[in-house]
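# Breakdown of the fold
Chain residues, written in single-letter form:
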Amino acid sequence: MKVSSRGSDVKDGKLAQQGQELIEWAAREMPVLELIRQRFVNEQPLRGLRLSACLHVTSETANLMLTLKAGGADLALCASNPLSTNDAVAAALAGQHAIKTYAIRGEDNDTYYEHIEAALDHRPQLTMDDGADLVSVLHKSRRDQLTEVVGGTEETTTGVIRLRAMADRGVLAYPIVAVNEADTKHMFDNRYGTGQSTIDGIIRSTNVLLAGKTFVIAGYGWVGRGLASRAKGHGADVVVTEVDAVKALEAAMDGFRVMRMGDAAREGDIFVTVTGDVNVLDRKHFEVMKDGAILANSGHFNSEINLKVLDEMASGVRQVRPSVQEYRLSDARRLFVLGEGRLINLAGAEGHPAAVMDMSFANQALCAEYIAKHAKELEHRVYDVPDEIDSEVARLKLRAMDISIDTLTEEQRRYLSSWEEGT
Ligand SMILES: NC(=O)c1ccc[n+]([C@@H]2O[C@H](COP(=O)([O-])OP(=O)(O)OC[C@H]3O[C@@H](n4cnc5c(N)ncnc54)[C@H](O)[C@@H]3O)[C@@H](O)[C@H]2O)c1
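Residues numbered from 1 in each chain as written. Predicted model: local features only at pLDDT ≥ 70, side-chain atom pairs only at ≥ 80, totals over all residues. Heavy atoms only, no water.

## Regarding the pairing of strand β13 (residues 314-321)
Bridge count for β13 against strand β14 (residues 324-329) is 6 bridges, and the pairing is antiparallel. Pairing of Arg321 across the sheet is with Val324, part of β14. Taken together, β13 and the strand that follows it, β14, pair antiparallel across an intervening segment of 2 residues. (Pairing = 2+ DSSP bridges. Helix = DSSP H or I, 4+ residues; strand = E, 2+ residues; numbered from the N terminus.)

Pasting the structure below:
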């Protein structure tokens, strides 16, 4: 790792101006975060707090960093995925905003973890994670620092699952607020943000026409729902695979074909995994897929497509477009894997649109403030986002969108909280 005089490791400091323009472009669509930033400037709720963040280093994340900085936080930032960094944005954060930034697009695994270590060298009192890698390294190899940490936040489903597992086993050493669990996060970010940007990543990587294609989606959670409706909008024939009976039923009644992956594997032109699970696409599926099938993942980790097995099965692998690898199998069939099986909306496109990250990151900023204020009252477990924060984010977003809603009359309030009145 080459650390600059300002203590950052980014690809090229000369990209800073370009990155600044991207940050300003995203800011136009992040009015809620801007309102919070303005309040933070005056109130300084994070004054002097050392905060280490492990997030996708995008222009939207940069706006969150500037909000936290405006609130008085002393920041370090590293990437939460080797392929999700925008190098220009990283340069702007490190250069123009003097925020310690450790992120290079395409960094190898060793550098990825060196960057996490560098963010932990900042000795955080607050952690902000996307996938729980920062928290995991802290608990595994930096235990001496754990007493300095007052709390943390977690952005995504997979991270929340890992953190709950830590809490259940009694090893979580400080409180974490699960930002993902806010309605104003997963109902919008996971569904509309990942739904749209996953399609964007697939199209940018391949320029393939979706209309008329059989588009197989593994997992009908928040991300799967959003992706399915958007793929349908493009004219694709959408197939859903699930392991949860309720979700499978929901997919069927939403109008999608539901079947086992073993059957879908024979039919699909495009496969996207969004389960947060492991080896959802495996040997038995690769064996029956059509020549030319496209495989992508938009779940958090690159664990959903068994690339190790695919590699073993392949007689040759070559890069055919910037984000596309062709695996040639011994029977001459070709399978195309996008973005090395990493989340394709970031590996092949720019991640979520700013308008949706506005809400996710408003939750992050308000939860950081909440932890700073309430850390002493919190136990070492995973907390949901307080309802007041969730509704505040929705209220501010509606205001920014110039949408007004009704309020209950006194009579309606009384009626809705009573039990005596019937027909
Ligand atoms: N790409 C991004 O930017 C982005 C954004 C948000 C979330 N995520 C990630 O996407 C993944 C899904 O998130 P979510 O919020 O939709 O989670 P979710 O828990 O709402 O949905 C996951 C679904 O996958 C199903 N599933 C699990 N194993 C399966 C299998 N083997 N086959 C078929 N279905 C299976 C589950 O039953 C569940 O319905 C997580 O890893 C999350 O961290 C990525």
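## A short note on helix α15 (residues 354-374)
Helix length check: α15 (21 residues) gives 29 Å between terminal C-alpha atoms against 30 Å at 1.5 Å per residue, within 8%. Extensive coverage of α15 is indicated by the burial of 16 of its 21 residues. (Expected span 1.5 Å × (residues − 1). Buried < 20%, exposed > 50% of the residue type's maximum accessible area, 1.4 Å probe, protein only.)

## A few points about the sheet that holds strand β10 (residues 257-258)
Spatially, the 8 strands line up as an open sheet ordered β10-β9-β8-β11-β12-β15-β14-β13, and their pairing is mixed. Of all the strands in the sheet, the pair left with one neighbour each is β10 and β13. In this sheet, β10 lies alongside strand β9 (residues 237-241) in parallel orientation, the contact comprising 2 bridges. Its bridge partner lying in β10, Val239 is registered against Arg257. Lying over the sheet, helix α9 (residues 222-233) contacts β8 (214-218), β9 and β11 (270-273), oriented at roughly 175° with respect to β8. (Contact = heavy atoms within 4.5 Å. Axes fitted to C-alpha atoms, helices over the stretch in contact; angles between N-to-C directions.)

## Some details on the packing of aromatic side chains
Taken as a whole and assessed by the stated rule, the structure comprises 3 aromatic pairs. Centre to centre, the rings of Phe188 and Tyr192 are 6.1 Å apart; their planes meet at 50°, and the pair counts as tilted. With Phe188 and Tyr192 both in helix α8 (residues 183-206), this residue pair falls 4 residues apart, about one helical turn. With a relative accessible area of 26%, Phe188 lands in the partly exposed category. The ring centre of Trp25 lies 4.0 Å from the NZ or CZ of Arg28, which sits over that ring. When the ring centre of Trp222 is taken as origin, the NZ or CZ atom of Arg225, which lies over that ring, is 4.4 Å away. (Phe/Tyr/Trp six-rings, centres within 6.5 Å; stacked < 30°, edge-to-face > 60°. Lys NZ or Arg CZ within 6 Å of the ring centre and 35° of its normal.)

## Quick look at the packing of helix α2 (residues 31-43) against α15
The interhelical angle for the contact between α2 and α15, taken along N-to-C directions, is 25°, at an axis separation of 8 Å. The orientation of α2 with respect to α15, classified from their angle, is roughly parallel. As for the relative orientation of α2 and α15, their crossing is left-handed in sense. Along its contact with α2, which presents Pro31, Val32, Leu33, Ile36, Arg39, Phe40 and Glu43, the element α15 presents Asp358, Phe361, Ala362, Ala365, Leu366 and Glu369. In the contact of α2 with α15, the residues fall into 9 nonpolar, no polar and 4 charged. (Parallel < 35°, antiparallel > 145°, perpendicular 65-115°, else oblique. Left-handed = near helix turned anticlockwise from the far one by under 90°. Nonpolar A, V, L, I, M, F, W, Y, C, P; charged D, E, K, R; others polar.)

## Regarding the pattern of salt bridges
On inspection of all chains with the given rule, the structure shows 30 salt bridges. As a salt-bridge pair, Glu117 and Arg142 come within 2.9 Å of each other at their nearest N and O atoms. Here Arg142 lies in the loop between α6 (133-141) and β6 (151-154) and Glu117 lies in helix α5 (residues 109-121), a separation of 25 residues in the sequence. Here Glu117 falls in the partly exposed class, since its relative accessible area comes to 28%. By relative accessible area, Arg142 is classed as buried at 12%. With a shortest N-O distance of 3.0 Å, Asp269 and Lys290 are connected by a salt bridge. Linking Asp269 in the loop between α11 (261-267) and β11 with Lys290 in the loop between α12 (283-286) and β12 (293-297), this pair joins segments that are 21 residues apart in sequence. The network of salt bridges with shared partners includes Arg39, Glu43, Glu369 and Lys373. (Salt bridge = Lys/Arg side-chain N within 4 Å of Asp/Glu carboxyl O.)

## Section: the nonpolar core
By size, the foremost hydrophobic cluster in this structure holds 53 residues, and its most contacted members are Leu51, Val57, Leu64, Met65, Leu68, Leu93 and Met128. The greatest single-element share of this core, amounting to 11 residues, is contributed by α15. In this view, Leu64 contacts Leu33, Leu55, Met128, Phe361, Gln364 and Ala365; residues no more than four positions away in its chain are not counted. (Core = buried A, V, L, I, M, F, W, Y, C linked by side-chain atoms within 4.5 Å.)

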